[in-house]
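Close look at the chain arrangement
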Amino acid sequence: MPAESESAPLVRPERIGMLLAGSDRDGQQRIDVEAVAQTGSTNVDLMQRLSSLQRPLLLVADRQTAGRGRAGRPWRAAPEDSLTFSLAWRLQRPTHALLGLPLAIGVALAEALEVFGVRPQLKWPNDVLRDGAKLAGILIETASDGGRGDATWAVIGIGINLAVPAGLADELQRPVGAATELQKAPRETVLAIIASALAGVLEEFEQRGFGAFVKRWEAFHAYAGQAVKIVDNGRVVHEGTAVGVDMMGRFLMDTELGQVEVLAGDLSLRLQDG
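What counts as what
Residues numbered from 1 in each chain as written. Predicted model: local features only at pLDDT ≥ 70, side-chain atom pairs only at ≥ 80, totals over all residues. Heavy atoms only, no water. 1 Å grid on protein atoms, 1.4 Å probe; cavity = no way out; pocket = protein on both sides within 12 Å on 5 of 7 lines; lining within 4 Å. Points joined across faces, edges and corners; volume = space filled by probe spheres on them. Helix = DSSP H or I, 4+ residues; strand = E, 2+ residues; numbered from the N terminus. Pairing = 2+ DSSP bridges. Axes fitted to C-alpha atoms, helices over the stretch in contact; angles between N-to-C directions. Contact = heavy atoms within 4.5 Å. Phe/Tyr/Trp six-rings, centres within 6.5 Å; stacked < 30°, edge-to-face > 60°. Buried < 20%, exposed > 50% of the residue type's maximum accessible area, 1.4 Å probe, protein only. Lys NZ or Arg CZ within 6 Å of the ring centre and 35° of its normal. Parallel < 35°, antiparallel > 145°, perpendicular 65-115°, else oblique. Left-handed = near helix turned anticlockwise from the far one by under 90°. pLDDT = per-residue confidence, 0-100. Patch = residues over 30% accessible without salt bridge, like charges linked within 9 Å, V, L, I, M, F, W, Y side chains within 5 Å. Areas by Shrake-Rupley, 256 points an atom, 1.4 Å probe, with all protein chains shown as cover. Salt bridge = Lys/Arg side-chain N within 4 Å of Asp/Glu carboxyl O.

**Details of empty space enclosed by the protein**
A full pass over the atoms with the stated rule returns 2 cavities of 30 Å³ or more. By volume, the largest cavity amounts to about 50 Å³. Together, L20, A21, S23, D24, Q28, Q29, R30, I31 and S196 line the largest cavity. No other element matches the 3 residues that helix α1 (residues 13-23) contributes to the lining of the largest cavity. Roughly 30 Å³ of volume is contained in the second largest cavity. Every residue along the wall of the second largest cavity is listed here: P102, L103, G106, L122, K123, P125, N126, D127, V128, I138 and W217. Broken down by secondary-structure element, the contributors of at least two residues to the lining of the second largest cavity are α3 (101-114), β4 (121-123) and β5 (127-130). Here the element with the most residues in the lining of the second largest cavity is α3; it accounts for 3 residues.

**Things to note about the sheet that holds strand β6 (residues 133-144)**
Pairing is mixed in the open sheet, where 7 strands are placed in the order β1-β2-β3-β7-β6-β5-β4. Both outer strands of the open sheet, β1 (32-39) and β4, are each paired with one neighbouring strand and no more. Put simply, the sheet's adjacent strands are angled 20° from each other on average, direction ignored. Sheet topology places strand β3 (residues 82-91) next to strand β7 (residues 152-161); 10 bridges connect them, and they run antiparallel. The partner of F85 across the bridge, within β7, is I158. Packing of α3 onto the sheet brings it into contact with β3, β4, β5, β6 and β7, and relative to β6 it is tilted by some 135°.

**A short note on the packing of aromatic side chains**
Applying the stated criterion to the full structure yields 2 aromatic pairs. Arranged with centres 5.4 Å apart and planes meeting at 35°, the rings of W124 and F251 form a pair that is tilted. Of the two residues, W124 sits in the loop between β4 and β5 while F251 sits in strand β10 (residues 251-255), which places them 127 residues apart along the sequence. Given a relative accessible area of 1%, W124 falls into the buried group. Taking the relative accessible area as the measure of exposure, F251 reaches 0% and is therefore buried. Pairing F210 with F213 gives two aromatic rings, centres 6.5 Å apart and planes at 20°, and the pair type is stacked. We note that F210, like F213, is buried. Over the ring of F205 we find R93, and its NZ or CZ is 5.3 Å from the ring centre.

**Description of the packing of α1 against helix α5 (residues 187-208)**
To characterise two packed helices, one gives the angle between the axes of the helices and the distance between these axes. The contact between α1 and α5 brings their axes to 9 Å, and the two run at 45°. Classed by the angle they form, the pair α1 and α5 counts as oblique. Where α1 crosses over α5, the handedness of that crossing is right-handed. Residue-level inspection shows R15, I16, L19, L20 and S23 of α1 in contact with α5, the latter providing E188, T189, L191, A192, A195 and S196.

**Observations regarding the pairing of β3**
Of all 10 residues that make up β3, 9 are buried, and the element is covered over most of its length. Bridge count for strand β2 (residues 57-64) against β3 is 5 bridges, and the pairing is antiparallel. Within β3, the residue paired with L58 across the bridge is L87.

**Some thoughts on the sheet that holds strand β12 (residues 268-271)**
Ordered by their spatial adjacency, 5 strands build an open sheet running β11-β10-β9-β8-β12, and the pairing between neighbours is antiparallel. With partners counted over all chains shown, the strands left at the sheet margins are β11 (258-262) and β12, one partner each. Looking at each pair of strands side by side, their axes are set apart by 45° on average, direction ignored. Pairing analysis gives 4 bridges linking strand β9 (residues 235-245) to β10, with the strands arranged antiparallel. Among the inter-strand pairings, G244 is bridged to a residue of β10, identified as L252.

**Regarding the confidence of the model for the chain**
Confidence in the prediction for the chain averages 90 pLDDT; 89% of positions are at 70 or higher. Taken together, the stretch residues 69-73 has pLDDT below 50 and engages in 11 contacts with residues farther than four places along the chain or on a different chain.

**Things to note about a nonpolar patch on the surface**
Judged by side-chain polarity, L99, M248 and L263 come together as a nonpolar surface patch covering roughly 260 Å² of accessible area. The topology assignment puts M248 in the loop between β9 and β10.

Below you can see the structure in the form of structure tokens.
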């Protein structure tokens, strides 16, 4: 179970649940909701509980003391300055059929942010930018569904900057984006809209795979037509012009040797002048 602090969380899970039920065409609350003031990592908490889950579960934490992003990087999160949460969702697909899922989740988050007037961009494979600066991160972990058919639990962790603490950009040595517009609405409303968008995308992905999201992802493509490079542990392995993504979620770029497809891993995508 999550390690809660003594203070009450900033959000009311029952309110998020009511909003989710109200937005569902059948009036059903498809996602259970829990909230804590503090925990180590919402992703870790949900991964440890998968064997007992019967329904999707959204876990919101004001603060994560051990939250992490891609390649194990820590998430910096002050309660008032960010939204951090994870969603556990069971997909009727085996793990090897989840290629492109992080990109589809990026589409869901970007489309939800647009509701609040934010103009997001997507950086392959799993970052959300604003004006070229990182606004949100996505971390997905998976586990087989304990022998109950070809199904997989996906735990989707998301952290969104609502404000940028003083000195953070200097500390990270890179610009940091923020969606200040989200502070104008109740947190429960913001989380319900994002969770609803995630549910819709996950249901469509289960039925159709990432191929259904290629054009939607490319509509938010941060680096389309720009000179980019792929870096592996500090070594440049590809240079060229960003094109888009294919139906498997691979990054497409034109190089001097022709078009190449890059599969996500611990590779980094950067602008050539960055």
